[in-house]
Amino acid sequence: MRYYPNIPDLNANSSINLLLRRAKENRTTNIEEYITTGGYSALKKALTRFNPEDILILVEESTLRGRGGAGFPTARKWRFALSNPPPRYLICNADESEPGTFKDRIIIERDPHLLIEGMIIAGYTLGAELGFIYIRGEYPAGAMILEDAIEDARKKGFLGKNILGTDFSFDILVYRGAGAYICGEETALIESLEGKRGHPRLRPPYPANEGLFGKPTVVNNVETLANIPIIVTYEMDFMNIGPMGYYGPKLFPVSGKVKNPGVYEATMDLTLRELIDMAGGMKNDKKLKAIFAGSLAVYSADEIDIPLDYSPKGFGGTGTTIVLDEDDCIIDALIVIAEFFEHESCGKCTPCRVGTYEQLNILRKFQNGTATEKDIELLEYLGKNIPVGSICGLGYSASNAIMDALRKFKDEFIAHINGECPAGICF
Ligand code: L3W
Ligand code: SF4
């Protein structure tokens, strides 16, 4: 038995309990516990009662969308891959690195067999024989936990040749990243898996058509795949979980100025306000200033009655929720995000490489009291132009938070130009 350090704490005050059902204590669920609590019964059901098309239809009707940020319909992606001849590959994107995002880690470290079972069923549906888990280098404990869990699953006949006596064979390899956020972009991830430098490819072709080693490849997020055993277990009853069109459980990593930061599981009919309440409400009963949805969007305090779903007005994305109160400075928070993008830009596209560097420097001017009105114009110029000259999600979204903040918190920018920080922490 290996020693797994530092499994993070988790808050269990969730509105639903499917993905985190076994993830309650500060430890990893082993294969025996997993099986005695119903684990691997979805796999048995899938292999004995359903053919791959049946499962595809179940996933289609479940309305499951990718939980890695983009929310693309999972079944549609699977169908794209299935329209291409084998060999096909399955990749689990466990390169979770978005600022404030730590939801996949909980599944990996607390209930790894849920992910493994989901991957085996996905592999069966896709006619794949090999799956990979690409895990970020900063999750060494998670990588060890997965390797051990995969070995345990092999010993029980859930992985390997002729799974459960059928003619379906499938195995999973764990591949550790080396600490680059960009390798969570699906085509950079594939390059990295192929042993090359992790630079994104131009899309199309999408991986579902031409992915790993040029073969059709499905790249799904950890939480997406963890939903698959639940869908197979519940079948049509899955559609009783959550609102129409956005069925199923969703994880929300909540951090910042709430009383109980942690990972929460909720249905997507809940609102952002209810999620904050679930996390205990505002720490020290301070006033809510803003919510950063990772680096993708900034919400002001009067915008939190939106649903947590993937509709155009919904919260969407990875579910990342970073809560700022009246003592936090918007500029200061934006600098943290801008430093991240400046550091993580892979440098392939000039507008992203240079633009992320420039927007960080401009924000620092607001922080040190040397910014002028012209700098607001420059930030807006960069925000409009970096995405246009970029080829991947990093460049598309590197200015989102700044642009949102300029729309909703322009007074804070102006105040800094006038030598005032509303939170009293700059200069
Ligand atoms: C076949 C088509 N496949 C789209 C597939 C595509 C991909 C998925 C989504 O991620 C998001 C960004 C942030 N034929 C297809 C097709 N697909 N059209 O659908 O594609 P896309 O382009 O909408 O998004 P993306 O570039 O894969 C970017 C979010 O990711 N983000 C956050 C990342 C979060 C983490 C984390 O920590 N977990 O890294 C960063 O940008 O929301 O929208 O599979 O192949 N015609
Ligand atoms: Fe690299 Fe940025 Fe271009 Fe993406 S947009 S490929 S991160 S330089």
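Named according to an unreviewed UniProt entry, the protein is NADH-quinone oxidoreductase subunit F originating from Venenivibrio stagnispumantis. Quoted verbatim from the Sequence similarities (unreviewed entry) field of the UniProt record, the comment on the protein reads "Belongs to the complex I 51 kDa subunit family."

Visitor: Explanation requested: the overall build of the protein in the structure shown.
Guide: A tally of helices and strands in the protein yields 16 helices and nine strands. Taken against the 2.2 N^0.38 rule, which gives 22 Å for 427 residues, the C-alpha radius of gyration of the protein at 22 Å falls within 12% of a compact globule. Summarising its shape, the C-alpha atoms of the protein cover approximately 75 × 45 × 45 Å along the three principal directions. Across the 427 residues of the protein, 58% fall into the buried class.

Visitor: For this particular structure, what's the right way to read helix α7 (residues 140–155)?
Guide: An α-helical turn contains 3.6 residues, so a residue and the one three or four places further along point in the same direction. Over its 16 residues, α7 extends 23 Å from the first C-alpha to the last, a length consistent with the 22 Å expected when each residue adds 1.5 Å. Here α7 has its buried residues at Ala141, Gly142, Ala143, Met144, Ile145, Leu146, Asp148, Ala149, Ile150 and Ala153. Those residues of α7 that are buried are in contact with α1 (31–36), α5 (103–110), α6 (112–126), β2 (130–135) and β3 (171–176). One or two steps after α7, the chain reaches Gly157, where phi turns positive at roughly 80°.

Visitor: Is there a simple way to think about the site of ligand 2 in this case?
Guide: For ligand 2, the set of nearby residues contains 13 residues, the closest of which are Cys346, Lys348, Cys349, Cys352 and Cys392. Within the shell around ligand 2, the residues separate by chemical class into eight nonpolar, four polar and one charged.

Visitor: What's the story with the site of ligand 1 in this structure? I'm lost.
Guide: Taken together, 19 residues form the shell around ligand 1, and within it Lys77, Ser97, Glu98, Glu186 and Arg203 come nearest. Take Lys77: an N or O atom from its side chain is 2.7 Å from an oxygen atom of ligand 1. Contact between ligand 1 and Ser97: an oxygen atom at 2.8 Å from a main-chain N or O atom of the residue. Broken down by secondary-structure element, the contributors of at least two residues to the shell around ligand 1 are α4 (74–82) and α14 (393–397). Residues belonging to the shell around ligand 1 are distributed by class as follows: seven nonpolar, seven polar and five charged.

Visitor: What should I look at first to understand the packing of helix α3 (residues 52–62) against α6 in this one?
Guide: A pair of packed helices can be characterised by two numbers: the angle between their axes and the separation between those axes. For the pair α3 and α6, interaxial distance at closest approach is 8 Å and the crossing angle is 120°. As for how α3 packs across α6, the hand of that crossing is left-handed. Facing Pro52, Ile55 and Leu56 of α3, the residues of α6 in contact are Ile121, Tyr124 and Thr125. Looking at the contact of α3 with α6 residue by residue, the classes come out as five nonpolar, one polar and no charged.

Visitor: Would you explain the sheet that holds β3 in this entry?
Guide: Strands in a sheet are paired, the pairing made by backbone hydrogen bonds, and the direction either parallel or antiparallel. Strand order in the open sheet made by the four strands is β3-β2-β1-β4, with parallel pairing throughout. The open sheet terminates on both sides in strands that have one partner only, identified here as β3 and β4 (217–221). Taken pair by pair, the neighbouring strands of this sheet meet at an average axis angle of 20°, ignoring direction. Of the strand pairs in this sheet, strand β1 (residues 89–94) and β2 are connected by six bridges, and their pairing is parallel. In the sheet register, Leu90 faces β2, and the bridge partner there is Gly131. Contacting β2 and β3, α7 crosses the sheet at an angle of about 165° to β3. Along the sheet face, helix α9 (residues 222–234) touches β1 and β4 and points at about 95° away from the line of β4.

Visitor: Please explain the packing of aromatic side chains as it appears in this structure.
Guide: Inspection of every chain in the model, using the stated rule, returns twelve aromatic pairs. Taken together, the aromatic side chains of Tyr34, Tyr40 and Phe158 make up a single cluster linked through ring pairs. Taking NZ or CZ as reference, Arg136 lies 5.1 Å from the ring centre of Tyr139, over its face.

Visitor: Quick question: what am I supposed to make of α3 here?
Guide: The set of residues buried in α3 consists of Ile55, Leu56, Leu58, Val59 and Ser62. Mapping the buried residues of α3 onto a view down its axis gives an arc of 160°, with all of them on the same face. Where α3 is buried, its residues meet α2 (41–49), α4, α6 and α9. Remark: Thr63 follows α3 within two positions and exhibits a positive phi of approximately 60°.

Visitor: Teacher, can you tell me more about the pairing of β4 here?
Guide: On a regular strand, one side chain projects to one face of the sheet and the next to the other, so that they alternate. In terms of burial, β4 is largely enclosed, as five of its five residues are buried. Burial along β4 is two-sided: Thr217, Val219 and Asn221 facing one way and Val218 and Asn220 facing the other are all buried.

Visitor: How do you make sense of the nonpolar core when you look at a structure like this?
Guide: One broad trend across soluble globular proteins is that nonpolar side chains are buried collectively. Within the largest apolar cluster, 65 residues are counted, with the highest numbers of intra-cluster contacts made by Tyr40, Leu115, Ile116, Ile120, Ile133 and Phe170. Looking at which element gives the most residues to this core, the answer is α6, with nine residues. With near-sequence residues (within four places) excluded, Tyr40 lies in contact with Ile31, Tyr34, Ile35, His113, Ile116, Glu117, Ile120, Ala153 and Phe158. Core analysis: the next-biggest nonpolar cluster, separate from the first, contains 52 residues, Ala188, Phe292, Ile335 and Phe409 among them.

Visitor: So what exactly am I meant to see when it comes to the pattern of salt bridges here?
Guide: Opposite charge on two side chains permits pairing when their charged atoms draw close. Scanning the entire structure with this criterion turns up 34 salt bridges. The salt bridge partner of Arg79 is Glu53, with a shortest N-O separation of 2.9 Å. One end of the pair, Arg79, is in helix α4; the other, Glu53, is in helix α3, with 26 residues separating them in the sequence. Here Arg79 falls in the partly exposed class, since its relative accessible area comes to 32%. A salt bridge links Asp327 to Lys286; the nearest nitrogen and oxygen atoms lie 3.1 Å apart. With Asp327 in the loop between β9 (321–325) and α11 (330–344) and Lys286 in the loop between α10 (272–278) and β7 (288–293), the pair connects residues that are 41 residues apart, well separated along the chain. Taken together, the shared-partner salt bridges in this structure form one network comprising Arg67, Lys103, Asp104, Glu223 and Lys250.

Criteria and thresholds
Residues numbered from 1 in each chain as written. Chains lettered and ligands numbered in written order. Predicted model: local features only at pLDDT ≥ 70, side-chain atom pairs only at ≥ 80, totals over all residues. Heavy atoms only, no water. UniProt positions renumbered as here; feature names shortened; annotations may be inferred. Helix = DSSP H or I, 4+ residues; strand = E, 2+ residues; numbered from the N terminus. Rg over C-alpha atoms; globule rule 2.2 N^0.38 Å. Buried < 20%, exposed > 50% of the residue type's maximum accessible area, 1.4 Å probe, protein only. Expected span 1.5 Å × (residues − 1). Contact = heavy atoms within 4.5 Å. Near = heavy atom within 4 Å. Nonpolar A, V, L, I, M, F, W, Y, C, P; charged D, E, K, R; others polar. Polar contact = N/O pair within 3.5 Å; in protein donor to acceptor, adjacent residues only side chain to side chain. Axes fitted to C-alpha atoms, helices over the stretch in contact; angles between N-to-C directions. Left-handed = near helix turned anticlockwise from the far one by under 90°. Pairing = 2+ DSSP bridges. Phe/Tyr/Trp six-rings, centres within 6.5 Å; stacked < 30°, edge-to-face > 60°. Lys NZ or Arg CZ within 6 Å of the ring centre and 35° of its normal. Arc of directions from axis to C-beta. Core = buried A, V, L, I, M, F, W, Y, C linked by side-chain atoms within 4.5 Å. Salt bridge = Lys/Arg side-chain N within 4 Å of Asp/Glu carboxyl O.

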